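# Structural overview for review
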Amino acid sequence: MSDNRETPIILDNLGNMQRKTSRFQSTNDDAWLVQNADVHEIGSIKKRLGYDERGTTLTSTTSTSSSTSTTTTSTSTSTTTSTSTSTTTT
Amino acid sequence: MSNIYGLGSISSTSGNNRLLAAYGNDIVNVDTGVGYGLNLSGTNVEFEPFLDRLFFQDFTKTPLTYDPDNDVFNNLHVKHTPISKYLKRWRNAMYLGFVKINGTNYPSRVMYSNFPDIDGNGNKTIQWGFMSGSNASVVAGSSNFTAANAGFKTYQLKVGDPLIIESGANAGLYTIASVDADQIIKINETFQSTQSNITYWAGGNWFDVETDNSDTIMGLSENSDLLLVYKQDTLHRYNGSSLRTVRGPGTSSNRSIVYYPEFDINIYFHGSVSEKTGIYMYAGSNSTNISLAIQPFIDAISSANYSSVVAWPEGNSYRLYVGNLSNVNSDNNAYNIEMNNAVFTYNILDNKWSVDPISDVIKSRTYSMRESGVQKIFIGNDSGEVFDTPSGYDFGGQPINFRYETKVIYPSGSDAIGHFTRIKIFSRDASLVNVYYKLWGTPYEVDPTWRPLGQIGRDTTELKINRDYSRASGIQLAFEESGTTERTSVIDKITTYFVPETTQIPEDR
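The present account deals with the structure reproduced in this document. (Residues numbered from 1 in each chain as written. Chains lettered and ligands numbered in written order. Predicted model: local features only at pLDDT ≥ 70, side-chain atom pairs only at ≥ 80, totals over all residues. Heavy atoms only, no water.)

### Considerations on the overall build of chain B
Just so we agree on the cut-off: By the criteria applied, helices consist of DSSP H or I runs no shorter than four residues and strands consist of E runs no shorter than two, each listed in order from the N terminus. Remark: exposure states derive from per-residue accessible area (1.4 Å probe, protein chains only) relative to the maximum for the residue type, with buried under 20%, exposed over 50%, and partly exposed in between. The contact rule is simple, with two residues in contact once any of their heavy atoms fall within 4.5 Å. Residue exposure ignores everything except the shown protein chains as possible cover, and the areas themselves are Shrake-Rupley values with a 1.4 Å probe. A residue counts as positive if it is Lys or Arg and as negative if it is Asp or Glu; His and the chain ends are not included. By convention, the point assigned to a charge is CZ for Arg, NZ for Lys, CD for Glu and CG for Asp.
Looking only at helices and strands, chain B has one helix and 43 strands in total. With the principal axes as the frame, chain B shows a C-alpha extent of 100 × 50 × 35 Å. Counting over 509 residues, chain B shows a buried share of 56%. Put simply, of all contacts in chain B between residues at least 6 apart along the chain, 58% involve residues at least 24 apart. With the model as given, the accessible surface of chain B reaches about 19,700 Å², and the carbon-plus-sulfur share is 44%. Here chain B carries 40 positive and 53 negative side-chain charges, and the mean point of each set is 4 Å from the other.

Printed below as a string of structure tokens:
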């Protein structure tokens, strides 16, 4: 049962993180911390989406000329044009 | 596993979408895991799409371009191109910032290609109006400058371009008087001495941006049809013929720069002295600090990370990965900040901020590819992983920690004490959200820790505050949920109920 002396303090414009002022200068709707929240809908806050891995984790590099080579310093050139050893090219 | 040193993406005119990662000593197709055998040095690699190709620069390797239709690298469009740290397509040409010529760095120089034209094979291509080498020769008394295997004509050197001989008896600056053939040009005077194996470079497609100081080029972008040249401390704009300095700082991190063509604004990070460190917006006139609302979090960024912050766009938001935050210097823990792998998110339309800890150390980003007509945004971490963002309900399998803290609410001002009786929460899909509170001014103390109130149950949830722990002048509320589930909690409205007791703080006897 509520107390009829109760004063409601309404926060309905959520999502505005504001640390520029002291706690006495900000408005009630200002937030102290908005963390991983989407604020696109005006007035409400929504938990943010994440991210998904694309492809598989890279653990070595495999050149197109070999199916099993590991990270190497080889200069496989099957897919590249070697540009020069001298310093001028045509 | 190691860093993703760079990410590049492209959607070709023929409809081939490719995502490439600089990883280890190679560039790798992320979707197939297959590399191209480029033997890179492991430094940052920057990519830029142009002419249906991906250009790249790593400040070390002779540049190549990537053909997305044939899935190969070759030297089309870069047959003789300076090495640089940064590159940007602007007004139908490619611009390079912070270049290296014959092993010498030019940290304030911008070089650029010519506009595309048709080569001898009927293909559209660009030349750079640039030639360099170390096998040129001259004869005393002659104006001929000869270099075997050069391409003065092919690479479109012009009358009036400078020729720089870097050492020897003829070292100095000359002007090209004629371009007779690929391997011979004439200058407008005669050489003093016979000399061979001359190291030289020639070309006029360049300009310097305020040299002779330590303020070096840090990145390139565009705005209002102008080329933006970011240095560390200053920002400049180039209209194709002249430079102008913009009011506002430059950037400490090339990868913090994001251009929003739909708004014609640039947002970027500047890290230096504490008074200037922050996130800035350039909208065509001046560059202004837009991060004052989260200044304590800006202050918590490690200065060691100023040069490695990474940003990307997500819809109308700017998202900036800044690394770990630490700003612990108060006895009141509410003012202390400690957070790992923080991302600052700025909603451009609403001017609102959030601070979002994620699960990964982000090293690179790309957003030049479209799939099914939708722009795709990718970020790369320090462990060989590339992520598609925003997507899914976790951070690559790790939980998303959602948290919302209200400011301290003083219903009747900080001098009136009373009882907080209950709170009412209006929400959607929020049944996993836990609610906490902290009392401020009890009457002289602040709760050191959060007290649990309960969990949101229904669309309208009422939680009663224990009367034994309800007397204060102010209250702060927190809402928290951490998980990987599909449901995305929404909180619409919070109502706090307060019964005043006195209008004056009693004396402390």
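We are not done yet, so read on.
### What to know about the pairing of strand β14 (residues 130-138) of chain B
All names here are of chain B. Counted only if it meets this: Any two strands with at least two DSSP bridges between them are considered paired.
Here β14 runs beside strand β19 (residues 195-203); their pairing, made up of six bridges, is antiparallel. Counterpart to S132 in the pairing with β19 is W201. Where β14 and strand β15 (residues 144-147) come together, two bridges link them in antiparallel fashion. Within β15, the position partnered with A136 by the bridge is A147. Counting the residues in the hairpin turn of β14 and β15 gives five residues, including G141, whose phi is positive at 85 degrees.

### A short note on unusual backbone geometry
Residues and elements named next belong to chain B. With an omega dihedral of -10 degrees, the bond running from T389 to P390 counts as a cis peptide bond. Mapped onto the elements of the fold, P390 is located in the loop between β35 (386-389) and β36 (400-406). In this structure, the amide linkage connecting T442 to the following residue, P443, adopts the cis form with an omega of 5 degrees. If you trace the backbone, P443 turns up in the loop between β38 (434-440) and β39 (451-455). For N341, which is not glycine, the phi torsion reads 50 degrees and is therefore positive. For N341, the location among the structural elements is in strand β31 (residues 337-347). Overall, the relative accessible area of 13% leaves N341 in the buried class. A positive phi is found at N351, a non-glycine position, where the angle reads about 55 degrees. Following the sequence through the fold, N351 ends up in the loop between β31 and β32 (352-357). The exposure class of N351 is partly exposed, given its relative accessible area of 47%.

### With respect to the packing of aromatic side chains
Residues and elements named next belong to chain B. Keep this limit in mind: When the centres of two rings from Phe, Tyr and Trp lie within 6.5 Å, Trp using its six-membered ring, the rings pair. Their planes under 30 degrees apart give stacked, over 60 give edge-to-face, and anything left gives tilted.
For the structure shown, the criterion picks out 31 aromatic pairs over all chains. An angle of 45 degrees between the planes, with centres 6.1 Å apart, marks the rings of F152 and Y200 as tilted. One end of the pair, F152, is in the loop between β15 and β16 (162-165); the other, Y200, is in strand β19, and 48 residues separate them in sequence. F152 sits in the buried class, given a relative accessible area of 0%. A relative accessible area of 0% places Y200 in the buried class. Through successive ring pairs, a cluster of aromatic residues spans Y36, F47, F56, Y66 and F73.

### Here we look at the interface of chain B and chain A
Here is the rule we go by: Once two parts are put together, the accessible area they lose, assessed with a 1.4 Å probe and summed over both, is termed the buried area. For the purposes of these results, a polar contact is taken to be a pair of N or O atoms within 3.5 Å, where, inside protein, one atom must be able to donate a hydrogen and its partner to accept one; residues adjacent in sequence count only when each atom of the pair is a side-chain atom. When residues are grouped by polarity, Ala, Val, Leu, Ile, Met, Phe, Trp, Tyr, Cys and Pro land in nonpolar, Asp, Glu, Lys and Arg in charged, and all others, Gly among them, in polar.
With 113 residues of chain B at the interface, the matching set in chain A holds 72 residues. When the two sides are added together, the surface that chain B and chain A hide from each other amounts to roughly 8,000 Å², 53% of it contributed by carbon and sulfur. For chain B, the biggest contributors to the area lost against chain A are K352, Y404 and K407 of chain B; these three give 10% of the whole. At the junction of chain B and chain A, the tally comes to 42 residue pairs in polar contact (both at pLDDT 80 or more). Among the elements that line the side of chain B that touches chain A, the one with the most residues is strand β43 (residues 490-500) of chain B, at eleven residues. Class assignment of the residues belonging to the side of chain B that touches chain A gives a composition of 53 nonpolar, 38 polar and 22 charged. Of the strand pairs in this sheet, strand β1 (residues 7-11) of chain A and β43 of chain B are connected by five bridges, and their pairing is antiparallel.

### Structural notes on empty space enclosed by the protein
To be explicit about the condition: Buriedness of a pocket was judged along seven lines, with at least five required to meet protein on both sides within 12 Å; pockets are open sets of points on a 1 Å grid over the protein atoms alone, cavities are sets where a 1.4 Å probe fits but cannot get out, and lining residues have an atom within 4 Å of a point. Grid points are joined across faces, edges and corners, and a volume is the space filled by probe spheres set on the points.
All told, the structure shown has three cavities of 30 Å³ or more when counted by the stated rule. Within this model, the largest cavity holds a volume of roughly 60 Å³. Around the largest cavity sit A37, D38, V39, H40 and R48 of chain A together with S317, T345, N347, K352, W353 and S354 of chain B, which together line it. Looking at the lining of the largest cavity, the elements with two or more residues in it are β4 (37-38) of chain A together with β31 and β32 of chain B. A per-element tally of the lining of the largest cavity places β32 of chain B first, with three residues. For the lining of the largest cavity, the class distribution of residues is three nonpolar, five polar and three charged.

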